[in-house]
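# What the coordinates show
Listed below are the residues making up each chain.
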Amino acid sequence: PFSSRGSIVDLNGVEFDSDNDGIPDSKDLESNTKAGSIVNQYGISITINNNNYNETAFLPSVYFETGSKFISSSNLKRLTTVAQIMILNPTIRINVIGNTDFTGTTESNNKLGKERAEEVVRYLVETFGIERSRCVTFSNGEAKPITTNNNTSNEFSNNYLREINRRVDFQIIY
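Worth saying up front: this structure is predicted, and the values here are computed from it rather than measured.

This next bit is on the packing of aromatic side chains. Tallied over the entire structure, the rule returns one aromatic pair. On the basis of an interplanar angle of 70 degrees and a centroid distance of 6.0 Å, the ring pair of Tyr-123 and Phe-128 is categorised as edge-to-face. What makes Tyr-123 buried here is its relative accessible area of 18%.

The tendency in soluble globular proteins is for nonpolar side chains to be buried as a group. If you look at the biggest cluster of nonpolar residues, it comprises 24 residues, and the most contacted ones within it are Leu-79, Ile-94, Val-96, Val-120, Leu-124 and Phe-170. Of all the elements in the fold, those that place two or more residues in this core are helix H1 (76-88), strand S2 (93-99), helix H2 (106-128) and strand S4 (167-173). In this structure Val-96 touches Ala-117, Val-120, Val-121, Cys-135, Val-136, Thr-137, Phe-138, Val-168, Asp-169 and Phe-170, once residues within four positions along its chain are discounted.

Okay, the sheet that holds strand S1 (residues 62-63) next. Pairing is mixed in the open sheet, where four strands are placed in the order S1-S4-S2-S3. Both outer strands of the open sheet, S1 and strand S3 (135-141), are each paired with one neighbouring strand and no more. Here S1 pairs with S4 via two bridges, running antiparallel. Opposite Val-62, over in S4, you have Val-168 as the bridge partner. Running over the sheet, H2 touches S1, S2, S3 and S4 and is turned about 155 degrees from S3.

How each quantity is defined
Residues numbered from 1 in each chain as written. Predicted model: local features only at pLDDT ≥ 70, side-chain atom pairs only at ≥ 80, totals over all residues. Heavy atoms only, no water. Phe/Tyr/Trp six-rings, centres within 6.5 Å; stacked < 30°, edge-to-face > 60°. Buried < 20%, exposed > 50% of the residue type's maximum accessible area, 1.4 Å probe, protein only. Core = buried A, V, L, I, M, F, W, Y, C linked by side-chain atoms within 4.5 Å. Helix = DSSP H or I, 4+ residues; strand = E, 2+ residues; numbered from the N terminus. Contact = heavy atoms within 4.5 Å. Pairing = 2+ DSSP bridges. Axes fitted to C-alpha atoms, helices over the stretch in contact; angles between N-to-C directions.

Right under this line is the structure:
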């Protein structure tokens, strides 16, 4: 549901990412990035600058259904990208940040955001052997939406806009 119009997608509707850097092919300006490279939102490799990637680094977000912490199959390639970056860059740590839409109470959304972050870390640890100590989890709940539900355009439904807010984001830390 988050792919560009006209882009080539897989059976789950996820846009192809031929070099597995987390940037869909239609937006990737460096289409042959080495596996595990840290890239910006355009797929361009970032070189280490004072050991701080945070301002320009891109790690793909993981999306969820309403009220769920279940990781769907459409997110597996995104998580593989995150794991590859961590495996090939063993000194980095990540913040794993759970987010929700506005459905539910603030208290329940804070709890769900944390559960989503913990579930993503559990998956990275159990599936890829990432050390738990390299991941810090917390929740934004509904406090930091990418988009609000106040949509006056007919192009997107409010439900679609809420979907974008139900996610786990990553930040590289030291």
